[in-house]
Amino acid sequence: MKEVLNNGLLIQDHKTQVFVDNFVCDAPARSLLKCVKSHSGYCSCERCVQPGEWKGKVVFTELDAPLRRDHDFSRKVDEKHHTKQVKKTLELAWFRS
Ligand SMILES: [Zn+2]
């Protein structure tokens, strides 16, 4: 993918530049990409800040828990939601602006 993004794609002698518009990910892939707890962990809800509780599996029972906010996510305010994983930098040049 990196080579295609850097060098384009050659189709029938016509070179086409390739950009990333979106990522479509399932929950495990999304947690890897965002460096947050996987969907089955405590503090893993991507929408709100409730920690979850163990009932044979981690469940989230609060219906009105405070929502996550972009600003707090960027600052990693909820340390238990984020992993220690080092996020690899995605090159901005790959994204269509
Ligand atoms: Zn939630």
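In this report, we go over the structure that sits alongside the text. (Residues numbered from 1 in each chain as written. Predicted model: local features only at pLDDT ≥ 70, side-chain atom pairs only at ≥ 80, totals over all residues.)

1. Brief notes about the overall build of the chain
Rules: Helix and strand assignments come from DSSP, with helices taken as H or I runs of at least 4 residues and strands as E runs of at least 2, each series counted from the N terminus. Each radius of gyration reported is based on C-alpha atoms, and the globular scaling rule is 2.2 Å times the count of residues to the power 0.38.
Regarding its fold elements, the chain presents three helices and four strands. What you see in the chain, going N to C, is helices and strands ordered as α-β-β-α-β-β-α. Relative to the compact-globule value of 13 Å for 97 residues, the chain shows a C-alpha radius of gyration of 18 Å, a clear excess of over 25%. Along the first, second and third principal axes, the C-alpha atoms of the chain reach 60 × 30 × 25 Å.

2. Concerning the environment of Arg 69
Mapped onto the fold, Arg 69 is located in the loop between β4 (58–59) and α3 (70–74). Residues Arg 69 and Gly 52, spaced 17 residues apart in sequence, show a C-alpha to C-alpha distance of 18 Å.

3. Quick look at the environment of Met 1
Inspection of the secondary structure assignment puts Met 1 in the segment before α1 (2–7). Along the chain, Met 1 and Lys 57 lie 56 residues apart, while their C-alpha atoms are 36 Å from each other.

4. Focus on the environment of Ala 27
Mapped onto the secondary structure, Ala 27 falls in helix α2 (residues 27–34). Separated by 48 residues in the primary sequence, Ala 27 and Arg 75 place their C-alpha atoms 22 Å from one another.

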